[in-house]
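# What the coordinates show
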Amino acid sequence: MTTERICKLRSMMPGQNASPKRNTTSRTLRYFTTAVVGSFALSACAGTASENDASPTSVEASPLRLADDYAPSHPFVEYGASVFIEEAESGGVPIDYFPAGQMGTPEDLAVLLETEVLDVGSTAPAYLESKFPLSSVSDLPSDVSDSCVAANAMMDLLGEDGILYEEEFKPRGLRPLWVAVLPGYELQTATKRVESPEDAPGLLIRSAGGALDATTDHIGAQAVSMPGGDAYEAMARHTVDGVGFTYISAHQYGLEGVADYSTEGLNMGSFVLPYVITEKAWDNLTPEQQDSVTRSAKVANNSLCEGVNEETAIAKREMAEGGLTYVPIEGENAEAWDELLAGVRDDWATSLNDAGMPGSEVLEAYDEAVAKYE
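All told, the structure shown has 13 salt bridges when counted by the stated rule. Among the ionic pairs, K316 bridges to E264, the shortest N-O distance being 2.5 Å. With K316 in helix α11 (residues 287-321) and E264 in strand β9 (residues 261-264), the pair connects residues that are 52 residues apart, well separated along the chain. Accessibility expressed as a relative area gives 26% for K316, which makes it partly exposed. One salt bridge connects R345 with D367, and the closest N-O pair in it is separated by 2.7 Å. Pair noted here: R345 is in helix α12 (residues 331-354) and D367 is in helix α13 (residues 359-373), with a separation of 22 residues, a long-range link. Overall, the relative accessible area of 16% leaves R345 in the buried class. With a relative accessible area of 32%, D367 lands in the partly exposed category.

Strand order in the open sheet formed by 6 strands is β7-β6-β8-β5-β9-β11, and the pairing between neighbours is mixed. The strands lining the two open edges of the sheet, one partner per strand, are β7 (222-225) and β11 (325-328). Ignoring which end each strand starts from, the neighbouring axes of this sheet average 30° apart. Strand direction decides the pairing type here: β9 and β11, joined by 4 bridges, are parallel. By the bridge assignment, Y261 is partnered in β11 with T325. Those strands touched by helix α7 (residues 211-218) are β6 (204-207), β7 and β8 (242-245), and its axis lies near 145° from that of β7.

Taken together, 5 strands build an open sheet; the order of strands is β2-β1-β3-β10-β4 and the sheet is mixed. The open sheet has two edge strands, β2 (95-98) and β4 (174-182), and neither has a second partner. Each strand of the sheet is rotated relative to its neighbour by a mean of 15°, with strand direction disregarded. In this sheet, strand β10 (residues 271-278) lies alongside β4 in antiparallel orientation, the contact comprising 8 bridges. In the strand pairing of β10, V179 is matched with P274. Those strands touched by helix α5 (residues 147-158) are β4 and β10, and its axis lies near 160° from that of β4.

Right, let's talk about the packing of α5 against α11 for a bit. With their axes 8 Å apart at the nearest point, α5 and α11 run at an angle of 150° to one another. Judged by the inter-axis angle, α5 sits roughly antiparallel to α11. Here α5 and α11 pass one another in a crossing that is right-handed. Between α5, through S147, C148, A151, N152 and M155, and α11, the contact on the second element is made entirely by N301, N302, C305, E306, V308 and N309. Tallied by class, residues from the contact of α5 with α11 come to 5 nonpolar, 5 polar and 1 charged.

Turning to the state of the cysteines, a few remarks are in order. Applying the stated criterion across every chain, the model contains 1 disulfide. The disulfide bridge from C148 ends at C305, spanning 2.0 Å between sulfur atoms. The disulfide joining C148 to C305 has a torsion of about 85° about its S-S bond and is therefore right-handed. Taken together, the positions of C148 in helix α5 and C305 in helix α11 put the pair 157 residues apart, joining distant regions of the chain. The exposure classification of C148 matches that of C305, with both residues buried.

About the criteria used
Residues numbered from 1 in each chain as written. Predicted model: local features only at pLDDT ≥ 70, side-chain atom pairs only at ≥ 80, totals over all residues. Heavy atoms only, no water. Salt bridge = Lys/Arg side-chain N within 4 Å of Asp/Glu carboxyl O. Helix = DSSP H or I, 4+ residues; strand = E, 2+ residues; numbered from the N terminus. Buried < 20%, exposed > 50% of the residue type's maximum accessible area, 1.4 Å probe, protein only. Pairing = 2+ DSSP bridges. Axes fitted to C-alpha atoms, helices over the stretch in contact; angles between N-to-C directions. Contact = heavy atoms within 4.5 Å. Parallel < 35°, antiparallel > 145°, perpendicular 65-115°, else oblique. Left-handed = near helix turned anticlockwise from the far one by under 90°. Nonpolar A, V, L, I, M, F, W, Y, C, P; charged D, E, K, R; others polar. Disulfide = S-S within 2.5 Å.

Next up, the structure:
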């Protein structure tokens, strides 16, 4: 790959050499090649500009490159990324946006952020457990059902001087801007009604990974890793007995068409997705642009959590209209589930403590932040 090609990729506008479909193997290889060699060739980009008698690249001439793997209709984009972009551009910070996996998988995006091919991007701890093990704290089972409570609590830990920023993001040259949280993972099952902990052992459950894998294993079910888009067919063919999904995700994949039941109030965990900016990109912004980015991120954070809360209520209602039966978790069953799931949190903290990481400290900090916003 030539220096000229790498420089062209770094300045690529949306739609150029990028398909809106999920990345193919060839595209993944191309982006990984760019990431690997990018650090050796980035300095040459400036030389190329000089050779062409162009003035040095400025922030104004080089929009921030933002990417994630969500379609424009997804709540993370509709209420989050698109709001950030609109606010930032109105504040003098142009953005080039690559949605829907144009720049690759979550793993690819992490590489492209660390090699500074991207400036802003999504980082999901559930998919990047080896990089951000502590940041999956809000993915653990809890009684938090309000996305704004969870998002604001996480931002306390992800902000400057926050324990997650200091432990996991700052060492990687990343600065969290806003966070998406889908709270309230429930069990949607094809034919078996799950009400008490005795109903779960032996079930094959599709899992997003990370903390949800641990939760699934802890209740006696078997976690099955597969893309969310494959869940419908897997349930229809009884390859799996059910899935662990939020109501929003379950409805987006039309699971009311293949699931007879869903727990209500189980709260097996959440899905957290921080959007970050590289420290280098941040440092290249003027103080005025940094203020604009900070304000825009706060607006996006608030808009996104409120949007998630609204979409959750809509999804829950529409799935019921589509034939899904909700199984309330209450009374003695609720107490039994709470006791069982508390072990997941303890095991998570202990395992990280044993690995030399502050698992208990992070869990305590998150619980205190949640109490602050509830």
